[in-house]
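Summary of the model geometry
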Amino acid sequence: MTDRLGGAVGRRPLHLVLVLDLSGSMRRGGRIQALNTALREVLPRLRDEARANPHTRLLVRVLGFATQPWWVLATPTPVEELTWQPLEAVPQGLTELGSALVLLADAMADLDAEAASGHGAYPPAIVLVSDGRPTATTGTDVATGMARLLATRAGAGAVRLALGVGRDADLPSLRRFIGDDEVPVLRADNPEQLVECMAWASRAASRGASMPALTSTGISVLPPELTGEDVWGSA
Amino acid sequence: MTWRAVAATRRGASHVRRDLPNQDAHRTWTDGTATVVAVADGHGAARHARSDVGSRLAVDAAVAALRAYLTEVEPAGTADVHHHLVTVVGPELVTRWREAVAEHADRHDGRQDAQQDAQQDAQQDAAADGAVDVLAYGSTVLALVATPSWVGALQLGDGEVVLVDRGGAARRPMPLDPLLDGATTTSLCQDDPLASLRYAVVPAAEVDLALVCTDGFGVSRVDGPDWWRPVGEQLAHHAATGGADHVAERLPGWLEEPADVGGDDVTVGIVLRSPAQPDERSA
């Protein structure tokens, strides 16, 4: 019988949200195929990470965006139950990152409400992957989206990481998303690098979020040294 | 009737798995009249690689600062005590901790205890600047001091302070700190730690029992934001029915589940009413 003082204890959720650019440019040079491969290969590593941290319940969500944002996987899903279904990029789809951040902010607001009702989680981890310069044809630019995201407690406190795919990736926007000069923006120029980048981001995000520190990120996993050919280059 | 302090700690399951030390610390002290208990939580991130030392130095500094105050000052009332905690004890605590950190860093300069290259680089950069890498020692600190007239509390960083009144009702006496969001904590190693120190003082007659704990004790609670309330009230019940010895005996067992399930190090310090004891000075 458990010798308990106070109420029940349990594993605390750690939400990992993958925000993926599925715009038309991701169809070039096999980028979307590489992203699918990277995510499929990263999942077992994430499961290992979850097993190594049994005090956390790693829950994954996936948000895609092109001309519109949408939840590819809306339900926070235990990583142990997740199988990767290949994603398609949207032909001629734009890069409406600002709108995606607004949708993400709504989800973060839900986490705020859960925390207020006593169902607290670790600060979420968010990994953004994009290959191009954000567009704002809907009228919602990145600044607006970031403002909405940072207005939520969960969004502001999240461990935020970003990966660029190819030379056209808009690194200043990705840097802005991260919001911490000590956290590197990684850019993958070939499929192998993308796997390494995704593996690093997933591991760093899940560890950083479950390790409160004086600084906002607590990222302690060193980024990979990226080598190899520049396959994707510029458009 | 006097006050007695008990405390215990347990290394968190995640630290056991990663072969990391217990980064929490605790210390108790009494002169038979006044009683002090302090707990501290060294930060877990790699940037704070010496935080296990920092937390030990933090509880030492807290106890030393409070002992000095109790020896040198006779306050007139709780408002007087509060003023002294803010103007005397808090600054003394921070000063003692920083001095102890500097001394430790000086003695261990070049020691290869940092596990991350980035950490080593930061220490080397700090050494090159002639500065102490205070961040490496980052820690919270929480302390209770109980006298026949008043009970005081200090808190810097996350964790909880809980008071249980003579009727058995628990409450949190500290003002809320909006900087504590679960992702970050205020700390002794920040630029202006005094700005984040919080204080509370209440008449001793209102207090049956008080506890301080590191955040590891609450992180895995799933019974809502008021998880601390049944903890305090059940603890007071144990104290009332079994006495201080009973509480001291059971306390380590009560830490097992939060440390094993929650994963973080867990430390709890308690002051509770007890029949007069022989002079006890414990560490």
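Residues numbered from 1 in each chain as written. Chains lettered and ligands numbered in written order. Predicted model: local features only at pLDDT ≥ 70, side-chain atom pairs only at ≥ 80, totals over all residues.

Naming follows an unreviewed UniProt entry, where chain B appears as PP2C family serine/threonine-protein phosphatase of Nocardioides imazamoxiresistens.

If you look chain A up in an unreviewed UniProt entry, it shows as VWA domain-containing protein from Nocardioides imazamoxiresistens.

If you tally the helices and strands in chain A, you get six helices and six strands. When the helices and strands of chain A are listed from N to C terminus, the series reads β-α-β-β-α-β-α-α-β-α-β-α. A buried classification covers 54% of the 235 residues belonging to chain A. Long-range pairs, those at least 24 residues apart, make up 80% of the contacts in chain A with a sequence separation of at least 6. (Helix = DSSP H or I, 4+ residues; strand = E, 2+ residues; numbered from the N terminus. Buried ≥ 20, exposed ≤ 12 C-beta atoms within 10 Å, placed from the backbone. Contact = placed C-beta atoms within 7 Å.)

Further remarks concern the packing of helix 2 (residues 51-72) of chain B against helix 3 (residues 78-107) of chain B. Helix packing geometry: the angle between the two helix axes and the distance between the axes. All names here are of chain B. For the pair helix 2 and helix 3, interaxial distance at closest approach is 8 Å and the crossing angle is 140°. Compared by their axis directions, helix 2 and helix 3 come out oblique. Pair helix 2 / helix 3 crosses with right-handed handedness. Along its contact with helix 2, which presents Val53, Gly54, Leu57, Ala58, Asp60, Ala61, Ala62, Ala64, Ala65, Leu66, Ala68 and Tyr69, the element helix 3 presents His84, Val88, Val89, Glu92, Leu93, Arg96, Trp97, Ala100, Val101 and His104. Here the contact of helix 2 with helix 3 is built from residues that sort into 16 nonpolar, three polar and three charged. (Axes fitted to C-alpha atoms, helices over the stretch in contact; angles between N-to-C directions. Parallel < 35°, antiparallel > 145°, perpendicular 65-115°, else oblique. Left-handed = near helix turned anticlockwise from the far one by under 90°. Nonpolar A, V, L, I, M, F, W, Y, C, P; charged D, E, K, R; others polar.)

Moving on, we get to the environment of Asp189(A). Residues and elements named next belong to chain A. For Asp189, the location among the structural elements is in the loop between strand 6 (186-188) and helix 6 (191-209). Distance in space between the C-alpha atoms of Asp189 and Thr138 is 29 Å, their sequence separation being 51 residues. Contacts of Asp189, omitting those with residues within four sequence positions, involve Gly166, Asp230, Val231 and Trp232.

Residues and elements named next belong to chain B. When the pLDDT values of chain B are averaged, the result is 88; 88% of them are 70 or greater. Looking over chain B, one finds the lowest element-wise mean pLDDT in helix 4 (residues 117-128), namely 54, and the highest in strand 4 (residues 141-146), namely 98. Below pLDDT 50 for its whole length, residues 111-116 participates in 11 contacts with residues either more than four positions away or in separate chains. Segment residues 278-283 is flagged for pLDDT under 50; beyond a separation of four residues in sequence, or across chains, it makes seven contacts in the model. Interface confidence for the predicted complex, given as ipTM, is 0.81, next to a pTM of 0.78. (pLDDT = per-residue confidence, 0-100.)

Residues and elements named next belong to chain A. The sheet built from six strands is open, its strands ordered 3-2-1-4-5-6 with mixed pairing. Each having just a single partner strand, strand 3 (69-78) and strand 6 make up the two edges of the open sheet. Within this sheet the neighbouring strands show an average axis-to-axis angle of 20°, counted without direction. As defined by bridge partners, strand 1 (residues 12-21) adjoins strand 4 (residues 125-130) across five bridges and the pair is classed as parallel. Looking at the pairing, Val19 lines up with Leu128 of strand 4. Lying on the sheet, helix 5 (residues 171-178) is in contact with strand 4, strand 5 (159-165) and strand 6; it crosses strand 5 at an angle near 170°. (Pairing = 2+ DSSP bridges.)

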